[in-house]
Amino acid sequence: MPIATPEVYADMLDRAKAGSFAYPAINVSSSQTLNAAIRGFAEAGSDGIVQVSTGGAEYLSGPTVKDMVSGSLALAAYAHEVAKKYDVNIALHTDHCPKDKLDGFVRPLLAASTERVKAGGTPWFQSHMWDGSAVPLEENLVIARELLEACQAARVVLEIEVGVVGGEEDGVEGKIDEKLYSTPQDAIATARALGTGEHGYYLTALTFGNVHGVYKPGNVKLRPEILKAAQDAVHQEFATPDDKPFHLVFHGGSGSAPEEIAAAVDYGVVKMNVDTDTQYAFTRPVAGFMLTNYDGVLKVDGEVGNKKAYDPRAWGKEAEAGMAARVVEACQNLRSAGTHS
């Protein structure tokens, strides 16, 4: 299928919230990881979201070029072509964008999508994330409202973050403390600034102890009930027709317990970012291949090696299969497997 249109993407997210399931949002940084992600969604019978971070976008443009916009547009163009061969809907998203990178990442991409829409096409990306967790909430929401208006013109969904995610991602580190927990007052302030749908579609990443990176079970103290408290507060304050007014996003999901994931989804999470686990799932088969076939990959003792072993396609296929399997697992954990219609 083609990359999801704005209407298809909105329907995907609405169906997820109504049906108490969520889509894995898989970070990619190459054509191979993109192919692995889409393959995983197709094998799970799930629609899905593929996303690129600022660091991933730089890498996609070429490690010596480091142009986030070029890398993002190249990924989008490639994805728009290869996604046609699969029978599930795929949405494209840009991940965490802090304030100092808005002018070099999200805003130029929104402009490119706006021009594409004006010409009768669809946006390059279906959603963009503004990460205002490092600035005061008031400033965060002022910028979010401005971006929401720009997203409307581009027919793009905005994702915002209210609260702080601990750990490290793309060189940005958040402390692990009480700031990891959003309050009902934060949620009400968000709805007051951005509306409950009347000013445009947006996703909200409220924090409930989320941490980026790799942590052993028990080290991360998730409190999914915070999400329910936020939904209840906004529903009561604004008398929304839906008792789960926010479409929520779960950041830092690696290592989370199944019951924590299930509770978060029940409280309105429709998108969960998956990066660390799929990075490992992609790399681990490569390590195994290299160790098993070292005498073919390397020209040992003056020999010539084995071209079939060091051909990047040989170990690349193993990597893609490993990552695709982890995407299937994520779809199963989030209950999106088999929901494509």
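Calculation criteria
Residues numbered from 1 in each chain as written. Predicted model: local features only at pLDDT ≥ 70, side-chain atom pairs only at ≥ 80, totals over all residues. Heavy atoms only, no water. Salt bridge = Lys/Arg side-chain N within 4 Å of Asp/Glu carboxyl O. Axes fitted to C-alpha atoms, helices over the stretch in contact; angles between N-to-C directions. Helix = DSSP H or I, 4+ residues; strand = E, 2+ residues; numbered from the N terminus. Parallel < 35°, antiparallel > 145°, perpendicular 65-115°, else oblique. Contact = heavy atoms within 4.5 Å. Nonpolar A, V, L, I, M, F, W, Y, C, P; charged D, E, K, R; others polar. Phe/Tyr/Trp six-rings, centres within 6.5 Å; stacked < 30°, edge-to-face > 60°. Buried < 20%, exposed > 50% of the residue type's maximum accessible area, 1.4 Å probe, protein only. Lys NZ or Arg CZ within 6 Å of the ring centre and 35° of its normal. Pairing = 2+ DSSP bridges. Right-handed = clockwise from strand over helix to strand, strands pointing away.

Engineer: Help me understand the pattern of salt bridges, please; the structure alone is not making it clear to me.
Structural biologist: Proximity of charged atoms lets side chains of opposite charge pair with each other. The tally for this structure, following the rule as stated, stands at 18 salt bridges. Notably, a salt bridge pairs aspartate 103 with arginine 107, separated by 2.7 Å at the nearest N-O pair. Put simply, Asp11, Arg15 and Asp47 are held in one network by salt bridges that share partners.

Engineer: So what exactly am I meant to see when it comes to the packing of helix 5 (residues 106-118) against helix 6 (residues 137-154) here?
Structural biologist: The packing of two helices is summarised by the inter-axis angle and the distance between the axes. Direction vectors running N to C along helix 5 and helix 6 enclose 25°, while the axes themselves pass 8 Å from each other. Regarding the angle of helix 5 to helix 6, the classification is roughly parallel. Between helix 5 and helix 6, the residues in contact are Val106, Arg107, Leu110, Ser113, Thr114 and Val117 and Ile143, Glu146, Leu147, Ala150, Cys151, Ala153 and Ala154, respectively. When grouped by side-chain class, the residues that make up the contact of helix 5 with helix 6 number nine nonpolar, two polar and two charged.

Engineer: Explanation requested: the packing of aromatic side chains in the structure shown.
Structural biologist: Each aromatic ring pair is summarised here by two numbers: the centre-to-centre distance and the angle between the ring planes. Across all of its chains, the model carries three aromatic pairs by this definition. Residues phenylalanine 21 and tyrosine 23 carry aromatic rings whose centres are separated by 5.5 Å and whose planes lie at 90° to one another, so their mutual orientation is edge-to-face. Accessibility expressed as a relative area gives 7% for phenylalanine 21, which makes it buried. Judged by relative accessible area, tyrosine 23 falls into the buried class, the value being 0%. Here tyrosine 202 and phenylalanine 246 contribute two aromatic rings whose centre-to-centre distance is 6.3 Å and whose plane-to-plane angle is 65°, an arrangement assigned as edge-to-face. Of the two residues, tyrosine 202 sits in strand 8 (residues 202-206) while phenylalanine 246 sits in the loop between helix 8 (225-238) and strand 10 (247-250), which places them 44 residues apart along the sequence. Since its relative accessible area comes to 3%, phenylalanine 246 is described here as buried. Across from the ring centre of tyrosine 181, 4.4 Å away, lies the NZ or CZ of arginine 223, which sits over that ring.

Engineer: Looking at this model, I keep getting lost on unusual backbone geometry. Mind explaining?
Structural biologist: If a residue is not glycine, its phi is most likely negative; likewise, a peptide bond is most likely trans. Phi angles above zero are rare outside glycine, and serine 20 is one such case at about 55°. Following the sequence through the fold, serine 20 ends up in the loop between helix 1 (6-19) and strand 1 (23-27). Within the chain, arginine 155 stands out as a residue other than glycine whose phi angle is a positive 60°.

Engineer: I keep staring at the environment of leucine 73 and nothing clicks. Help me out?
Structural biologist: By secondary structure assignment, the location of leucine 73 is in helix 4 (residues 68-82). When the C-alpha positions of leucine 73 and leucine 60 are compared, they lie 9.4 Å apart, and in sequence the two are 13 residues distant. The contact partners of leucine 73, leaving out residues within four places of it in the chain, are Leu109, Ala112 and Trp124.

Engineer: Help me understand the pairing of strand 5 (residues 157-162) in this model?
Structural biologist: Each regular strand displays side chains that alternate between the two surfaces of the sheet. Buried residues dominate strand 5, accounting for six of its six residues. Pairing analysis gives four bridges linking strand 4 (residues 127-130) to strand 5, with the strands arranged parallel. By the bridge assignment for strand 5, histidine 128 is matched with leucine 158. Each parallel crossover has a hand, and the one from strand 4 via helix 6 to strand 5 is right-handed. Judged from the five bridges that link them, strand 5 and strand 8 form a sheet pairing that is parallel. Looking at the pairing, glutamate 159 lines up with leucine 203 of strand 8.

Keep in mind these values describe shape, not function.
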